[in-house]
Amino acid sequence: MRVQIVLVLLIASLLAVNASAQSDLSPTFQPAPRPLPAYVQFNNGLRLDYYFSALMQGGSGLLRISGADIAGAQYTFRGARQPFFTRDGVDWYALVAVDMNARPGSYGLAVQVERASDRLSFTRELRIDAAGFITQNLVLPPDRRRLADARIEAEEFARLAEITAGYTAEPLWDETGFALPSDHALATPFGVFRRMNGERDTRHTGWDQNAPAGAPIHALAAGQVVFAGSLEIRGHAVFIDHGIGIFSGYAHLSDIEVEVGQRIAGGQVIGSSGNTGRSSGAHLHWEIVGRGIWLDGLAFLDLWLPA
Ligand SMILES: [Zn+2]
């Protein structure tokens with residue numbers, strides 16, 4: 001009997017914890033104090049904080065360097081070299097982004113920090129975990145079957161690589177951070193393998209939301225419009241530069257309300273959802289690109305970022 005009561009209490013407390021955790025899981029970014037790091041390294045008056053313990057395929061994590069007289073820093077990971085950025089000249093941050101195709105395993109991270117008088121380095125092995133991407137069938141309407149063509153997709157990725165090649169070095173987002181572009185239900189997740197018309201597999205580079213035709217679509221964060229026009233697969237689309245190499249994209253729109261070069265506030269309406277491009281019904285497709293790597297946008301919204 002006592003065991004049963006303990007079990008019931010245990011289950012009740014687990015449910016309570018779960019309920020409170022769910023209410024905290026809002027993907028909307030709230031200005032919040034910097035979280036505690038998962039891991040810390042020290043070297044001669046410098047401190048390197050890791051705000052993640054492992055990374056997922058398509059995931060991203062934040063690093064921070066603090067200490068006196070830092071003039072700049074950069075890291076090398078999986079062959080790419082990336083600079084750290086600072087908003088206050090004291091704390092230096094960098095995003096580590098992982099390609100959805102990265103092979104799970106251990107990879108070396110090297111961080112170099114320049115100070116007025118010397119240069120110091122940190123190294124650590126980072127683990128990349130499998131994300132367990134699922135496979136989904138997608139049937140295109142007859143008049144859009146040609147958009148399953150691998151060459152059209154390759155050309156579009158090349159175009160997007162051009163659009164996102166140059167970026168603002170400093171962060172453009174503000175204290176309102178990053179938030180979902182629509183309040184309609186989330187549908188197809190990031191990274192899904194898509195079998196189109198039973199013929200060819202492709203990858204889903206963003207998240208879908210069940211926004212009906214004409215629903216207002218909001219910018220994820222403050223930034224500057226770098227593309228507002230038409231693409232073969234994404235249809236009427238908008239891309240926004242948020243600084244430090246982070247871009248958000250919005251696709252299949254029916255209507256675009258911004259133009260290239262325009263500064264955008266976080267949450268500002270950039271257009272309306274629709275069914276243009278490689279789409280089989282009205283919905284919103286949105287995505288996050290971090291220095292050429294397509295990232296899980298929903299996981300990205302959960303990151304703490306310096307405002
Ligand atoms: Zn999509």
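Our structure is the block above this text.
The sections below set out a description of the structure shown in this document.

**Remarks on the coordination of the zinc ion**
Summarising the metal site, the zinc ion is bound by the protein donors His 204 (NE2), Asp 208 (OD) and His 285 (ND1), whose distances to it range over 2.0 to 2.1 Å. All donor residues of the zinc ion come from one chain, and their arrangement in sequence is H-x3-D-x76-H. Within this pair, whereas Asp 208 is found in strand β14 (residues 207-209), its partner His 285 is found in strand β21 (residues 284-290), the two being separated by 77 residues in sequence. His 285 carries the same exposure label as Asp 208, and that label is buried.

**Here's the deal with helix α2 (residues 150-163)**
Spanning 14 residues, α2 covers 20 Å between terminal C-alpha atoms, matching the ideal 20 Å at 1.5 Å per step. Among the residues of α2, those classed as buried are Ile 152, Glu 153, Glu 156, Leu 160 and Ile 163. Buried residues along α2 cover an arc of 95 degrees about the axis, so they all sit on one side. Away from its buried face, by an angle of more than 90 degrees, α2 presents the exposed residues Arg 151, Glu 155 and Glu 162. Its buried side turned inward, α2 meets β13 (200-203), β16 (223-231), β17 (235-241), β18 (246-256) and β22 (293-295). N-capping of α2 is provided by Asp 149, with a side-chain oxygen placed 2.8 Å from the backbone N of Arg 151.

**Considering the pattern of salt bridges**
The final tally for this structure, using the stated rule, is 14 salt bridges. The closest approach of N and O atoms between Arg 146 and Glu 232, which form a salt bridge, is 2.8 Å. Note that Arg 146 is positioned in the loop between β11 (135-138) and α2 and Glu 232 in the loop between β16 and β17, a separation of 86 residues in sequence. A residue is classified by how much of its surface remains accessible, and Glu 232, at 40% relative accessible area, is partly exposed. Taking the shortest distance from any N to any O, the salt bridge between Arg 200 and Glu 153 comes out at 3.6 Å. Here Glu 153 lies in helix α2 and Arg 200 lies in strand β13, a separation of 47 residues in the sequence. Here Arg 200 falls in the partly exposed class, since its relative accessible area comes to 21%. Counted as one network, the salt bridges with shared partners bring together Arg 34, Arg 47, Asp 49, Arg 64 and Asp 91.

**Concerning the nonpolar core**
Grouped together as the largest cluster of nonpolar side chains are 47 residues, with contacts concentrated most on Phe 178, Tyr 250, Ile 270, Trp 286 and Phe 300. Every element with two or more residues in this core is listed here: β8 (92-97), α2, β16, β17, β18, β21, β22 and α3 (297-301). In this structure, this core is formed jointly by two domains, domain 1 (39-129) and domain 2 (135-301), each of which donates at least three residues. Among the nonpolar cores identified, the runner-up in size contains 25 residues, and Leu 48, Leu 55, Ala 73 and Val 113 belong to it.

**A look at the side chain of Thr 168**
Looking at the element boundaries, Thr 168 is found in the loop between α2 and β12 (193-196). Polar side-chain contacts of Thr 168 include one of 2.8 Å to the side chain of Asp 241. Ignoring any residue separated from it by four or fewer positions in sequence, one finds Thr 168 in contact with Asp 241, Gly 243, Ile 244 and Gly 245.

**Notes on unusual backbone geometry**
Residues other than glycine seldom take positive phi values, yet Asn 197 does so here, at roughly 55 degrees. Relative to the helices and strands, Asn 197 is located in the loop between β12 and β13. Given a relative accessible area of 17%, Asn 197 falls into the buried group.

**As for the side chain of Gln 82**
Note on placement: Gln 82 falls in strand β6 (residues 80-83). There is a polar contact of 3.1 Å between the side chain of Gln 82 and the side chain of Arg 291. Here Gln 82 is in contact with Gln 74, Tyr 75 and Arg 291, once residues within four sequence places are set aside.

**Quick look at the pairing of β21**
Most of β21 is tucked away, with seven of its seven residues classed as buried. Because side chains alternate across β21, one face comprises the buried residues Leu 284, Trp 286, Ile 288 and Gly 290, and the other comprises His 285, Glu 287 and Val 289, equally buried. With three bridges connecting them, β14 and β21 associate as antiparallel partners. Within β21, the residue paired with Gln 209 across the bridge is Leu 284. Here β21 runs beside β22; their pairing, made up of three bridges, is antiparallel. Within β22, the residue paired with Val 289 across the bridge is Trp 294. The turn linking β21 back onto β22 is made up of two residues, and Arg 291 within it adopts a positive phi angle of 45 degrees.

**Examining the packing of aromatic side chains**
Counting across every chain of the model gives eleven aromatic pairs. Look at Phe 133 and Phe 190: their rings are 6.0 Å apart centre to centre, the planes differ by 70 degrees, and that puts the pair in the edge-to-face class. Here Phe 133, found in the loop between β10 (119-129) and β11, pairs with Phe 190, found in the loop between α2 and β12; they are 57 residues apart in sequence, far enough to count as distant. Relative accessible area serves as the criterion here: at 4%, Phe 190 is assigned to the buried category. Between Trp 173 and Phe 178, the aromatic rings sit 5.8 Å apart at their centres with planes inclined by 55 degrees, giving tilted as the arrangement. The burial state of Trp 173 is the same as that of Phe 178; both residues are buried.

Thresholds, definitions, all that
Residues numbered from 1 in each chain as written. Predicted model: local features only at pLDDT ≥ 70, side-chain atom pairs only at ≥ 80, totals over all residues. Heavy atoms only, no water. Donors = N, O, S within 2.8 Å, 3.2 Å for Na, K, Ca; no water. Helix = DSSP H or I, 4+ residues; strand = E, 2+ residues; numbered from the N terminus. Buried < 20%, exposed > 50% of the residue type's maximum accessible area, 1.4 Å probe, protein only. Expected span 1.5 Å × (residues − 1). Arc of directions from axis to C-beta. Contact = heavy atoms within 4.5 Å. Polar contact = N/O pair within 3.5 Å; in protein donor to acceptor, adjacent residues only side chain to side chain. Salt bridge = Lys/Arg side-chain N within 4 Å of Asp/Glu carboxyl O. Core = buried A, V, L, I, M, F, W, Y, C linked by side-chain atoms within 4.5 Å. Domains from an automatic or database assignment. Pairing = 2+ DSSP bridges. Phe/Tyr/Trp six-rings, centres within 6.5 Å; stacked < 30°, edge-to-face > 60°.

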